Amino acid sequence: MSGCVVLDVACGSGYGTALLAKYARAVVGADVSRDAIAHAVTRYRRSNVSFFQTDCGWIGMRDQSVDVVVSFETLEHVPDMNRFLKELRRVLKPGGTVLISTPNRPLYAVYNKGRSNPYHYQELDAEEFPRLLSEHFQVETVWGQRYFTKRDLPLIRPYAERGVPVGPDGLMRRLVRVALRMCLPERFRARTLVGMQVWAGKCGIGEVPPADAVYMVALVRKS
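Notes on the structure follow. Model, not experiment: these values are computed from the prediction.

1. A word on the pattern of salt bridges
- A complete count under the given rule lists 6 salt bridges for this structure.
- Where Glu-128 meets Arg-105, a salt bridge forms, and the shortest distance between an N and an O atom there is 2.9 Å. In this pair, Glu-128 is assigned in helix α5 (residues 128-134) and Arg-105 in helix α4 (residues 105-111), connecting sequence segments 23 residues apart.
- When its relative accessible area of 24% is taken as the criterion, Glu-128 is described as partly exposed.
- For Glu-140, the salt bridge identified is with Arg-221, shortest N-O distance 2.6 Å. Taken together, the residues span a long stretch of sequence, with Glu-140 in strand β6 (residues 138-146) and Arg-221 in strand β8 (residues 215-221) at a distance of 81 residues.
- A relative accessible area of 28% places Arg-221 in the partly exposed class.

This is how it looks when you write it as structure tokens:
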């Protein structure tokens, strides 16, 4: 990423943009929220960082002006996914790359206890995500980001096809998680049940296939 111009789409408060600036020549953070951009400009002043407010339907940058686009958990929030991806392709230089993530609908439903996210227009599964991306880019890799341990997957996976389990959630879940971390010996905390995200907040990228992941992360290229 050294020497690259990076666009961080849906940058939010700017924390990730500032991290990218440690490695890139220049980073531009863009977000639809005026308040988020105001915070980012104040909090993350860097010589190689800039922020601006924009809409994903029209990113206010010149054609072929960036080398890399990063957009985590944005796709599901836009009403027109194809229009958004066309915009990413427009601002990207030939041969440029996009790192993009989105929830895996079946497993995200399990993780989210069956609650629908009112801010999501559409969610994709492990087949739909790369198929959509391939209409605009060359798909190089799709990883799975887990919130469950590998050993938990045989227990959890069936709930993606049927009723979502109900368990400790919200404040109760956080209290139980803290109590387990504080009170249980390490050898018990490492066991399968306690290692589940519901209790321990486990997270990793590339450790499980996309179909068995809560989030999918893709690396694509503009050919």
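Anyway, onward from the coordinates.
2. A short note on unusual backbone geometry
- Residues other than glycine seldom take positive phi values, yet Gln-64 does so here, at roughly 50°.
- Tracing the backbone shows Gln-64 in the loop between β3 (49-53) and β4 (66-72).
- A relative accessible area of 43% means that Gln-64 is categorised as partly exposed.
- Even without a glycine there, the phi angle at Glu-73 is positive, about 50°.
- Position of Glu-73 relative to the elements: it lies in the loop between β4 and α3 (81-91).

3. Comments concerning the environment of Ala-26
- Summarising the element assignment, Ala-26 is placed in strand β2 (residues 26-31).
- Apart from the residues lying within four places of it in its own chain, the contact partners of Ala-26 are Cys-4, Val-5, Val-6 and Asn-48.

4. Let's talk about the environment of Ile-37
- Within the element layout of this structure, Ile-37 appears in helix α2 (residues 34-43).
- In this structure the C-alpha to C-alpha distance between Ile-37 and Cys-11, which are 26 residues apart in sequence, comes to 8.3 Å.
- Apart from the residues lying within four places of it in its own chain, the contact partners of Ile-37 are Cys-11, Gly-29, Ala-30, Asp-31, Phe-51, Phe-52 and Gln-53.

5. A closer look at α2
- The complete set of buried residues in α2 reads Ala-36, Ile-37 and Ala-40. The arc that holds the buried residues of α2, viewed along the axis, is 95°, so those residues lie on one side. Exposed side chains of α2 directed beyond 90 degrees from the buried face belong to Arg-34, Asp-35 and Thr-42.
- Contacts made by the buried residues of α2 are with β2 and β3.

6. Overview of α3
- Within the sequence span of α3, burial applies to Met-81, Phe-84, Leu-85, Glu-87, Leu-88, Arg-90 and Val-91.
- Where the residues of α3 are buried, they touch β1 (5-9), β4, β5 (92-103) and α5.
- Put simply, Asp-80 is the residue that caps the front of α3, since its side-chain oxygen is 3.3 Å from the backbone nitrogen of Asn-82.

Cut-offs applied
Residues numbered from 1 in each chain as written. Predicted model: local features only at pLDDT ≥ 70, side-chain atom pairs only at ≥ 80, totals over all residues. Heavy atoms only, no water. Salt bridge = Lys/Arg side-chain N within 4 Å of Asp/Glu carboxyl O. Helix = DSSP H or I, 4+ residues; strand = E, 2+ residues; numbered from the N terminus. Buried < 20%, exposed > 50% of the residue type's maximum accessible area, 1.4 Å probe, protein only. Contact = heavy atoms within 4.5 Å. Arc of directions from axis to C-beta. Polar contact = N/O pair within 3.5 Å; in protein donor to acceptor, adjacent residues only side chain to side chain.

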